[in-house]
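Residues per chain, in single letters:
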Amino acid sequence: MGVTERLLIMETMNNIKIDQLRINIPYDEIYQVEDSQGLPKEVIVADNLLHLAWLFKSNTVSHGHNGYTSSYNFGSGEQGGNISVMWNESRKDMGILVDFTATGKALYESLAELHGIPVNWKKIIEELYEKMGHTSRLDIATDLINYGFSINEIIQRLKKEESFFLNTQGNKISSNRFKIIGNYNEVQTLYVGSRKSDAFLRIYDKKVEQDRASGLYRNLARSCNDWVRVEAEFKHRLAKDLGKYITTLTTDNIYPYLLGCVLERWSLVDKEE
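Okay, so let's go over this structure. (Residues numbered from 1 in each chain as written. Predicted model: local features only at pLDDT ≥ 70, side-chain atom pairs only at ≥ 80, totals over all residues. Heavy atoms only, no water.)

**Some words on the overall build of the protein**
Quick reminder of the rule: Counting from the N terminus, the helices are DSSP H or I runs at least four residues long and the strands are E runs at least two residues long. In this setup the radius of gyration rests on C-alpha atoms only. A globule is expected at 2.2 Å times the number of residues raised to 0.38. Here, two residues are considered to be in contact whenever any of their heavy atoms come within 4.5 Å of each other. Shrake-Rupley sampling with a 1.4 Å probe provides the accessible areas, and residues are treated as covered by the protein chains on show and by no other component. Neither His nor the chain ends contribute to the count of charged residues, in which Lys and Arg are positive and Asp and Glu negative. To locate a charge, take atom NZ for lysine, CZ for arginine, CG for aspartate or CD for glutamate.
A count of helical and extended segments in the protein gives 10 helices and 12 strands. Whereas a compact globule of 273 residues would reach a radius of gyration of roughly 19 Å, the protein reaches 20 Å, a difference of no more than 12%. If you line up the protein on its principal axes, its C-alpha atoms span 65 × 40 × 35 Å. At a minimum sequence separation of 6, the contacts of the protein that also span at least 24 residues come to 63%. Here the protein has roughly 14,300 Å² of accessible surface; of this, 46% comes from carbon and sulfur atoms. For the protein, the centre of its 33 positive side-chain charges and the centre of its 37 negative side-chain charges are spaced 5 Å apart.

**Some remarks on the environment of G95**
Rules: To sort residues, take the accessible area from a 1.4 Å probe on protein chains only and compare it with the maximum for the residue type: under 20% means buried, over 50% means exposed, and anything in between is partly exposed.
Turning to its location among the elements, G95 is positioned in the loop between β4 (83-87) and β5 (96-100). Classification of G95 as buried rests on a relative accessible area of 7%. Each C-alpha atom of the pair G95 and I145 lies 39 Å from the other, and the pair is 50 residues apart in sequence. Once you skip the residues sitting within four places of it in the chain, G95 turns out to touch I25, Y27, Y68, M86 and W87.

**Quick word on a nonpolar patch on the surface**
Stated formally: Each patch is built from salt-bridge-free residues with over 30% relative accessible area, joining like charges within 9 Å and nonpolar side chains (Val, Leu, Ile, Met, Phe, Trp, Tyr) within 5 Å. What counts as a salt bridge is simple: a side-chain nitrogen of Lys or Arg found within 4 Å of a carboxyl oxygen of Asp or Glu.
Together, L216, Y217 and L220 give the surface a local cluster of nonpolar side chains, amounting to about 310 Å² of exposed area. Summarising the element assignment, Y217 is placed in the loop between α7 (206-210) and α8 (218-223). Residue classification places Y217 among the partly exposed positions, given a relative accessible area of 42%.

**Focus: helix α6 (residues 151-159)**
Operational definition: Arc definition: directions from the helix axis to the C-beta atoms.
Among the residues making up α6, those that are buried are I151, I154, I155 and L158. Looking down the long axis of α6, one finds its buried residues gathered within 95° of arc, a one-sided arrangement. Note on α6: the residue one or two positions beyond its end, E161, has a positive phi of about 60°.

**Notes on the nonpolar core**
As a rule of thumb, nonpolar side chains are buried together in soluble globular proteins. For clarity, the cut-off: In plain words, nonpolar cores are sets of buried Ala, Val, Leu, Ile, Met, Phe, Trp, Tyr and Cys residues tied together by side-chain atoms within 4.5 Å.
L50, L52, V98, Y108, F165, F234 and W266 are the most contacted members of the largest nonpolar core, which has 68 residues in total. No other element matches helix α2 (residues 41-50), which puts 6 residues into this core. Ignoring sequence-local partners within four residues, the contact set of Y108 consists of L50, L52, L55, F56, I83, F100, V119, W121 and I124.

**Examining α2**
Burial of α2 is extensive: 8 of the 10 residues sit out of reach of the surface. Among the residues of α2, those classed as buried are E42, V43, I44, V45, A46, D47, L49 and L50. H51, located one to two residues past α2, shows a positive phi value of around 60°.

**Looking at the pattern of salt bridges**
Under the definition given, this model contains 21 salt bridges. Between R91 and D93 there is a salt bridge whose closest N-O contact spans 2.8 Å. Residue class for R91 comes out partly exposed when judged on its relative accessible area of 39%. A relative accessible area of 61% places D93 in the exposed class. Here D241 ties to R237 by a salt bridge, and the two come within 3.4 Å at their closest N and O atoms. With D241 and R237 both in helix α9 (residues 236-248) and 4 residues apart, the pair spans about one turn of that helix.

**Focus on the packing of aromatic side chains**
We count it as follows: Here is the rule: rings of Phe, Tyr and Trp (six-membered ring for Trp) pair when centre to centre is within 6.5 Å. Planes less than 30 degrees apart are stacked, more than 60 are edge-to-face, and the remainder are tilted.
The full count for this structure, using the stated rule, is 8 aromatic pairs. With 5.9 Å between their ring centres and 50° between their planes, Y108 and W121 make a pair best called tilted. With a gap of 13 residues between them, Y108 in helix α4 (residues 102-114) and W121 in helix α5 (residues 121-130) connect regions that are remote in the sequence. Classification of Y108 by relative accessible area gives buried; the value is 3%. Of the residues examined, W121 reaches a relative accessible area of 3% and is grouped as buried.

Structure, rendered in structure tokens:
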């Protein structure tokens, strides 16, 4: 059974998630804020959508990046993870950026669950687009745990042309679009595409990554036989389009559809005999 077929089977499992996320809220939303509660109005705008200030008891203030001059950060320090609300008063056209790292998003969801606050990303993204905002980065991740699968298996089959990736148009993706971390005998990561592009795929050995002293899921890594992570990174226009697509779905269970978007762009198939 090939990777794509295994992932299709996983559509029925709760094993697909949004990993890293960035959302842009129009700056004009600050004019709807009546009581800033001692916080910057830009933070209140983000808080109205995400309840960040209520969930996180600690925060830090720092300089922004990528053109944003101010940053208000939740979840830093001893809590681990990070969610940053960034803005630039001189560049209101850039909007208010809320940047969730993968660990920051996981912490946000855990704290929300602890306090009985439902996190429904379909509804959050719908509300964001109703405000004329958009997603500017959206990573989709899924895990293959104890599937008897390895990165080396993919590489060897690609090398022997027994398997290949198809793009959205159904054409083979050239091998010069691949990047391998490790060597052909012990590969840990396979990249498909360029990190500078709007769409980028990572397939890597999560068991190796987590089986270290600093691994958050070290116990799981040590107890499983194999663990392969598949991550698709969508940015800029494609992330904006993907967010818009999410708003059109008629179910809150958006994850099988997100996996479908990944498989449509990078379908790993076996060569027909």
